[in-house]
Structures are given as C-alpha cells and as structure tokens.
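# Structure at a glance
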Amino acid sequence: MEQIYLPMSSKKFTMKDVESSEKTWKSYVAENEIRLLQSYKNNDELHLAYDKAEKNAWIVKTLRDKKQRYLFNTCKNLIMIGSGIYPYSMFDVHRQYPHINQIGLEIVEARAILSRKLIESSPAKDKISILYEDAINYDYSWLSHDDLIFVSVDVDHKKIIEKVLETSKAHINICAPYDKTWLKNLVRSFS
C-alpha cells in the first residue's frame, strides 16, 4: 500500500486532515480495483477477476486472525456488507468453501452492477449474489447461529451491528483490514 505523505508536521495535523486522508485512502483503493477490472474487460477476460482473486483475502483473513477459521466449515450462508465493486474476498471464500451461499449487500447501485457482471463470469455464479440494498434495511432474521456476517471496513457499521445483534443469530465480524488500517499508514508516513 502506498503511503500518503503530507506537507505538514504531525503537530499541525487536525481531525479534518485525518478525515481527508481516510477519503484519499479509500479512493486510492477503489481506483486500483477499477483499473484492474478495466484491464480484464478490455481483454475480454472478466473471468480473471475470479481466477486471480487473492488467496486468504479479507474475509478469510478475519477469521484466521481470530483463530476461528473453523467457522467456515459449518457455515451455510455468509453476508458481506459493503461488498464493493470487486468481490475478490467472496471469490476467495467460494474457492476454499464452495458449499457456502454468499450474499453481498452494496449501497451503491453502480458497484452492485459491476460486481454482478464479475460474478456472472465466474464459477461462483450460482453461489454468490449481490443485492443493491442498504444493509440497515436488510432482514437478517433468517440467518442461523452457524452463519457469518462480515462488514467491510468502508461501511459505517455501528447501527448495522446493533441491528444484526438484535435480529439475528449469525456471527458478525468487522472484516480485516479492520477499522483503522488507513490511519496506521498515515501515522507511518510521519516516521
């Protein structure tokens, strides 16, 4: 990940600067995904999005870090809140645990549409679906205690987690790279 260098000392760094740096980091990640997917599309090789998806990506990494990877073995349904443009982490889950049905919830329609196109070009087309929906409005009550929910680091998650805990039996996790990876990169840039 490229570090963000700022032309000011850390003593002059304000909360507004922190918010701006977070937006810059998220924008940088999205732009890189778009460039990669555009190259696959230009070569008529959308299937590469699945084939080249990172192994042990954020969803798997989250449970691995918690030493709870065994939960994938009994999971029947997985929800990814904030599934984004490129569902590479969901592709990774499909390759390793093809028995799991996955649903991605995406609040931005254009992202959901692009993600669906990638899924349609993959072997996961019967196991992953992307819904254009605000996660706060989704009904989680049908999930069982063996099911898993992951929330992307990009999602404002406090109210969503409250709703899931009140309405569902599923395990809920903030997906790695967790909440403040962009901030750690920012702090390192002052070193």
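Residues numbered from 1 in each chain as written. Predicted model: local features only at pLDDT ≥ 70, side-chain atom pairs only at ≥ 80, totals over all residues. Heavy atoms only, no water.

## As for the overall build of the chain
The helix and strand tally for the chain stands at eight helices and five strands. Of the regular secondary structure in the chain, the N- to C-terminal order runs α-α-α-α-β-α-β-α-β-β-α-β-α. Considering the chain as a whole, with its 191 residues, one finds that 42% of them fall into the buried category. Pairs at least 24 apart in sequence give 73% of the contacts found in the chain among residues at least 6 apart. (Helix = DSSP H or I, 4+ residues; strand = E, 2+ residues; numbered from the N terminus. Buried < 20%, exposed > 50% of the residue type's maximum accessible area, 1.4 Å probe, protein only. Contact = heavy atoms within 4.5 Å.)

## Thoughts on the pattern of salt bridges
Note on pairing: side chains with opposite charge can pair once their charged atoms come close. Counted under the stated rule, the structure contains four salt bridges. The closest approach of N and O atoms between E54 and K61, which form a salt bridge, is 3.6 Å. Among the residues examined, E54 registers a relative accessible area of 36% and is labelled partly exposed. We note a salt bridge from R95 to D92, for which the minimum N-O separation is 4.0 Å. With R95 and D92 both in helix α5 (residues 88-96), this residue pair falls three residues apart, about one helical turn. (Salt bridge = Lys/Arg side-chain N within 4 Å of Asp/Glu carboxyl O.)

## A short note on the nonpolar core
The biggest cluster of nonpolar side chains holds 32 residues, and the ones touching the most others in it are I59, F72, L78, F91 and F150. With residues up to four places along the chain from it excluded, the contact list for F72 reads I59, V60, L63, L78, V93, Y97, H99, I100, L148 and F150. In terms of nonpolar packing, the next biggest core, distinct from the first, is built from 16 residues, I103, I149, V151 and A170 among them. (Core = buried A, V, L, I, M, F, W, Y, C linked by side-chain atoms within 4.5 Å.)

## Some points on helix α6 (residues 109-120)
Between its first and last C-alpha, α6 extends 16 Å over 12 residues, near the 16 Å set by a 1.5 Å rise per residue. Among the residues making up α6, those that are buried are A112, S115, L118 and I119. For α6, the buried positions fall inside an angular range of 125 degrees around the axis, keeping them on one side. (Expected span 1.5 Å × (residues − 1). Arc of directions from axis to C-beta.)

## Thoughts on the pairing of strand β4 (residues 148-151)
Consecutive side chains along a regular strand alternate between the two faces of the sheet. Of the two faces of β4, the one holding L148 and F150 and the one holding I149 and V151 are both buried throughout. Here four bridges tie strand β1 (residues 77-81) to β4, and the two strands are oriented parallel to one another. Within the sheet, the bridge partner assigned to I79 lies in β4 and is I149. Note: β4 against strand β5 (residues 171-174), four bridges, orientation parallel. (Pairing = 2+ DSSP bridges.)

## A closer look at the sheet that holds β5
Read from one edge to the other, the open sheet built from five strands follows the order β3-β2-β1-β4-β5, with strand pairing classed as parallel. The outermost strands of the open sheet, each flanked by one partner alone, are β3 (128-132) and β5. This sheet shows a mean twist of 20 degrees between the axes of neighbouring strands, independent of strand direction. With respect to the sheet, helix α3 (residues 58-65) is in contact with β1, β4 and β5, its orientation differing from that of β4 by roughly 110 degrees. (Axes fitted to C-alpha atoms, helices over the stretch in contact; angles between N-to-C directions.)

## What about the packing of aromatic side chains?
Summed over the entire model, instances satisfying the criterion amount to six aromatic pairs. Centre to centre, the rings of Y50 and F91 are 5.1 Å apart; their planes meet at 65 degrees, and the pair counts as edge-to-face. Remark: F91 occurs in helix α5 and Y50 occurs in helix α2 (residues 48-51); sequence separation between them is 41 residues. The class of Y50 is buried, set by a relative accessible area of 8%. The class of F91 is buried, set by a relative accessible area of 0%. (Phe/Tyr/Trp six-rings, centres within 6.5 Å; stacked < 30°, edge-to-face > 60°.)

## A short note on α3
Within α3 the residues assigned to the buried category are I59, V60, K61, T62 and L63. Buried positions along α3 lie against α4 (71-74), β1, α5, β4 and β5. At the C-terminal side of α3, K67 shows a positive phi close to 55 degrees.

## Describing the environment of Y132
Tracing the sequence through the fold places Y132 in strand β3. A relative accessible area of 44% places Y132 in the partly exposed class. Sequence-distant contacts of Y132, defined by excluding residues within four places in its chain, comprise E106, I107, V108, E109, A112 and R116.

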